[in-house]
Amino acid sequence: MLDALDPDRGRPANVMETLNLCLSFGSKPILSSIDMQFTRGTVTALIGPTGSGKSTFLRSLNRMNDKVSGFRREGDATLEGRSIWAPGIDLLDLRRRVGMLFQRPNPFPMSIRDNVVAGVRAHRIAKGKQLDVVAEQRLREVGLWDAVKDRLNDSPFRLSGGQQQLLCLARALAVGPDVLLLDEPTSSLDPISTEYVEAMLAELVPALTLIVVTHNLGQARRVSHQTMFFYEGRLVERGPTDDLFERPKEAQTERYVTGRFG
Ligand SMILES: Nc1ncnc2c1ncn2[C@@H]1O[C@H](COP(=O)(O)OP(=O)(O)O)[C@@H](O)[C@H]1O
Ligand SMILES: [Mg+2]
């Protein structure tokens, strides 16, 4: 077990936590009473059949559901011990610290270079010539530099799907997040790109904390430290990934991880 405090910095060991978090759309409850801790520098996998509430839960962690009509929540989620719904929380700053990568790559309609530094510009983290330095550094970090260095001013839409996803990852990393939320980040990619993106993600910890929705159970086992299994709007089981896959406590978990439904 980790100590309650990170000995290096005196910060809470859990970068994020949910406390009795309940989510619903209109009168339809989606998830209830979720108490969960996300330890700094670890990877958490969210697994479960389609419609079980994984995306809804994930998107709540940087308040992406707030504007969805009918969305309601009770309970709380914290970042570094502070409620993400506290008065005075700056949404832009929250989303800088808790970044997101979606299932389909979503480059902006601007050049490859401008994509990488879009958030850096918006947050005034760097400007002018520094932006070129940031763009190169982040493209190198995701292994895309050699492929794009001669076409930084071109549109990103001619890149392959895997390259576009890496570009979106570079853009997310450029603003220096603490936590990255990933919603099936490789499900639209071919196996080679998937393997590459997976390897990238493994290198991002322990500097970052990752929370990843995946339908790929092999991927959950390979990349995560802890796993949450959602089924029909319930968090059925959560625990260290090896335990959840090898010694599940619940019959539903066992059926799912052995591929008998879902
Ligand atoms: N914007 C929305 N309005 C109403 N219901 C929604 C909305 N988004 C998702 N839901 C419902 O919430 C439930 C969980 O969906 P979701 O979180 O997307 O599941 P998963 O990601 O596990 O497939 C589903 O029943 C879905 O229909
Ligand atoms: Mg989903």
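Above this note sits the structure.
The structure displayed is predicted, hence computed values, not measured ones. (Residues numbered from 1 in each chain as written. Chains lettered and ligands numbered in written order. Predicted model: local features only at pLDDT ≥ 70, side-chain atom pairs only at ≥ 80, totals over all residues. Heavy atoms only, no water.)

Ligand 1 sits among F25, K28, I30, P49, T50, G51, S52, G53, K54, S55, T56 and V68. A distance of 2.7 Å separates an oxygen atom of ligand 1 from a polar atom in the side chain of K28. Within the side chain of T56, a nitrogen or oxygen atom sits 2.5 Å from an oxygen atom of ligand 1. Taken by itself ligand 1 offers 560 Å² of open surface, and the protein chains cover 63% of this. Broken down by element, the shell around ligand 1 gets its largest block of residues, 3 residues, from helix 1 (residues 54-60). (Near = heavy atom within 4 Å. Polar contact = N/O pair within 3.5 Å; in protein donor to acceptor, adjacent residues only side chain to side chain. Areas by Shrake-Rupley, 256 points an atom, 1.4 Å probe, with all protein chains shown as cover. Helix = DSSP H or I, 4+ residues; strand = E, 2+ residues; numbered from the N terminus.)

Here the focus is the nonpolar core. In terms of nonpolar packing, the biggest core is built from 38 residues, with V120, L139, V142, L169, L180 and L210 touching the most fellow members. Among the elements of the structure, helix 3 (112-122), helix 4 (129-141), helix 5 (145-148), helix 6 (161-174), strand 7 (179-183), helix 7 (191-204) and strand 8 (209-213) are those that each provide at least two residues to this core. Examining the composition of this core, we find that 8 residues originate from one element, helix 6, more than from any other. If you look at the next biggest cluster of nonpolar residues, it comprises 27 residues, including L23, F71, W85 and L94. (Core = buried A, V, L, I, M, F, W, Y, C linked by side-chain atoms within 4.5 Å. Buried < 20%, exposed > 50% of the residue type's maximum accessible area, 1.4 Å probe, protein only.)

For the structure on display, the rule yields 16 salt bridges. Of the charged contacts in the structure, one is a salt bridge between R97 and D178, with a shortest N-O distance of 3.6 Å. A residue pair is termed long-range when its members are at least 10 positions apart, and R97 in helix 2 (residues 91-97) and D178 in the loop between helix 6 and strand 7 qualify at 81 residues. A relative accessible area of 26% places D178 in the partly exposed class. Among the ionic pairs, K149 bridges to D146, the shortest N-O distance being 3.3 Å. What makes K149 partly exposed here is its relative accessible area of 36%. For D146, a relative accessible area of 58% corresponds to the exposed category. (Salt bridge = Lys/Arg side-chain N within 4 Å of Asp/Glu carboxyl O.)

As summarised here, the arrangement of the 6 strands in space is 6-7-8-3-9-10, forming an open sheet in which the pairing is mixed. Here the strands that pair on one side only, and so sit at the sheet edges, are strand 6 (98-101) and strand 10 (234-240). Each strand axis lies, on average, 15° off the axis of its neighbour in the sheet, ignoring direction. One ladder, built from 4 bridges, connects strand 3 (residues 43-47) with strand 8; its direction is parallel. Counted as the bridge partner of A45 is V212 from strand 8. (Pairing = 2+ DSSP bridges. Axes fitted to C-alpha atoms, helices over the stretch in contact; angles between N-to-C directions.)

Now for the pairing of strand 8. For strand 8, the buried fraction is high: 5 of the 5 residues fall into the buried class. A two-sided burial pattern is seen for strand 8, the buried positions comprising T209, I211 and V213 on one face and L210 and V212 on the other. The pairing of strand 7 with strand 8 spans 5 bridges and is parallel. Note on strand 8: the bridge partner recorded for V179 is T209. In this fold, strand 7 hands off to helix 7, which returns the chain to strand 8; that crossover is right-handed. (Right-handed = clockwise from strand over helix to strand, strands pointing away.)

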